[in-house]
Amino acid sequence: MHIPDGLLSLPTLAVTGAASVGGIGTAVKKTKEQLDDHKIPLLGVMGAFIFAAQMINFPVGMGTSGHLIGAFFASILLGPWASALVLSAILIIQSFFFGDGGVLALGANIFNMAVIANFSGYYLYQLFKRNERGYSSSGIVAGGCISVVAAALAAAVEIFLSRRSELMIVLPPMLFWHIIIGIGEGLITLFLISYIAKVRSDLLLQPVVNKEGHHGK
Amino acid sequence: MILLRDSVKPVDATMKLIASLIFVLGVILINRLSLLFLCIGVVLCCILFMGLPIGIMLRRLRTALPFLCFMLLIVPFQIPGKPLFSIHIGFTSLIATEQGVLFSLMLWLKSLNSIMILLLLTETTPLKELQQALYTLRVPDLLLQIISFTFRYFTIIHQEFLRIDRAQRARGFQKGKSLMNTYTLKIIAQSIGHVFFRALDRSERIYWSMAARGYNRTPMIKKTGPLCYRDCSVALASFCFTCFMIWIDKGGIL
């Protein structure tokens, strides 16, 4: 889903870039308000963790395998603002050091994955969630799925707006595959969260981003 | 060789970053195959001039290449235009178009160009200088700190993953064949979850040990000296070259 350099037109790059800059700016402000100073390394750990988790492959069937994307997982545990920063950091590293996604397309990639995927999944999940302590299984699968599909949809629309292809050609296969990928993402996240809930359920309250004294507000 | 490399290295990282960004911008604006090949040639020359071993570049390109090649195969079928050939799969047939093939080749070259110039940049610039460059370009301090912590912790967490993987294999764990195998899913998710807890605890410990050694979150940015003409000339050269390329591309000479 990482958009490479050269695919999007200049106006699309400019618009998505501006949106991402605004998004990151707000996220930095919100996170600084909520986050204790000594929790910042923890965001880095989360970034490194998602990076490493992406290397673990789950068997999907027919010889293929998939991996966790992590936007939704991060947003459940960190809250949407801090997770937007963590994901942006990951995307920047991927594009600079691994050639995964273009450097000028970073704006678009951050917009798709750190903003759209992150927030759509998070807020859908909030609709399903009933109480502070528990988690909702169907909500996690739906949220994981939506986060992936929404990002793919945004990418398809950006490609269309750049007049590279027609919407009807790009969209159906993109949506089809990403719905499947999204269900996988939702299932993996569900297993992860259920394990975390079993072992350390306090983490589901997003203690990571709450300042001391705001615990379980 | 080493002498040559050292003569280029001290160029200010901000200027190098700006030069690379201008170059990439130029590359995505160019629409002629011959010019794109020329740009790849220029990047290769830069790599040789900097004295980077080609092996390192190839090794680092390896992560990006599969995706690029996949794109080269997919895109021809997604652009409407004059049909070139078609492939029948089951009851549907995919039609590759002339425009599609041309566009995918161009996209491939553009992406390769941008990836190569970035690899060149990151290979010749220490991480710390690159961070300073990004800071100069107004990337928020908090984001840069997250990036540097991500880098620091990645190896540690990766080692934890490998450790658990080894432990599982030693106990005879085998991955199931498909996503339907919930036992496999559960085990893998549990191991990821376990690493997550370890990472959490470890990050706290690391933070306190860093704090004990004087880390207090002040930005690591030191004032860089005044830019000399050589620093600016890198960005300027890139700018001139890019303008020249775009000029030719728009039919300036012909």
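Within an unreviewed UniProt entry, the label attached to chain B reads Cobalt/nickel transport system permease protein, and the organism entered is Geosporobacter subterraneus DSM 17957. Note on chain B: under the UniProt heading Subcellular location (unreviewed entry), the record states "Cell membrane".

Taking an unreviewed UniProt entry as the reference, chain A is identified by name as Cobalt/nickel transport system permease protein belonging to Geosporobacter subterraneus DSM 17957. Its UniProt record, at the heading Subcellular location (unreviewed entry), says of chain A: "Cell membrane".

On to the overall build of chain B. Scanning chain B for helices and strands turns up 10 helices and 2 strands. When the helices and strands of chain B are read in sequence order from the N terminus, they spell out α-α-α-α-α-β-β-α-α-α-α-α. Counting the 254 residues in chain B, one finds 31% classified as buried. For chain B, contacts bridging at least 24 residues in sequence account for 73% of all contacts bridging at least 6.

Once that is clear, we can look at the UniProt feature "transmembrane region" (unreviewed entry) in chain A. Residues and elements named next belong to chain A. Here, the residues flagged by UniProt with the feature "transmembrane region" (unreviewed entry) are residues 6-28, 40-62, 68-91, 103-125, 137-162 and 174-197. What you have in residues 103-125 is 87% helix and 0% strand, and the ends, taken at the C-alpha atoms, are 31 Å apart. The span residues 174-197 is 100% helix and 0% strand, and its two end C-alpha atoms sit 33 Å from each other.

Per the UniProt record, the feature "transmembrane region" (unreviewed entry) sits at residues 13-30, 35-58, 64-81, 101-122 and 227-248 of chain B. For residues 13-30 of chain B, the helix share is 94%, the strand share is 0%, and the end-to-end C-alpha distance is 26 Å.

With that settled, consider the packing of helix H2 (residues 13-29) of chain B against helix H10 (residues 229-249) of chain B. Residue and element names in this part refer to chain B. Viewed as axis vectors pointing N to C, H2 and H10 meet at an angle of 5 degrees, and their least axial separation amounts to 8 Å. Put simply, H2 runs roughly parallel to H10. Contacts between H2 and H10 involve Met 15, Lys 16, Ile 18, Ala 19, Ile 22, Phe 23, Leu 25, Gly 26 and Leu 29 from the first element and Asp 231, Cys 232, Val 234, Ala 235, Ser 238, Phe 239, Thr 242, Met 245 and Ile 246 from the second. Here the contact of H2 with H10 is built from residues that sort into 13 nonpolar, 3 polar and 2 charged.

Think of interface size as the accessible area that goes away when the parts come together; that is how it is often given. Taken together, the contacts link 55 residues of chain A with 53 residues of chain B. Mapped onto the side of chain A that touches chain B, the elements with two or more residues apiece are helix H1 (10-34), helix H2 (40-53), strand S1 (58-61), helix H4 (80-97) and helix H7 (167-199) of chain A. Considering only residue class, the side of chain A that touches chain B consists of 38 nonpolar, 11 polar and 6 charged.

Here we come to unusual backbone geometry. All names here are of chain B. With phi around 70 degrees, Arg 138 is a residue other than glycine that occupies positive phi space. Tracing the backbone through its elements, the reader meets Arg 138 in the loop between helix H7 (127-136) and helix H8 (141-170). When the 8 C-beta atoms within 10 Å are taken as the criterion, Arg 138 is described as exposed.

Parameters at a glance
- Residues numbered from 1 in each chain as written.
- Chains lettered and ligands numbered in written order.
- Predicted model: local features only at pLDDT ≥ 70, side-chain atom pairs only at ≥ 80, totals over all residues.
- UniProt positions renumbered as here; feature names shortened; annotations may be inferred.
- Helix = DSSP H or I, 4+ residues; strand = E, 2+ residues; numbered from the N terminus.
- Buried ≥ 20, exposed ≤ 12 C-beta atoms within 10 Å, placed from the backbone.
- Contact = placed C-beta atoms within 7 Å.
- Axes fitted to C-alpha atoms, helices over the stretch in contact; angles between N-to-C directions.
- Parallel < 35°, antiparallel > 145°, perpendicular 65-115°, else oblique.
- Nonpolar A, V, L, I, M, F, W, Y, C, P; charged D, E, K, R; others polar.

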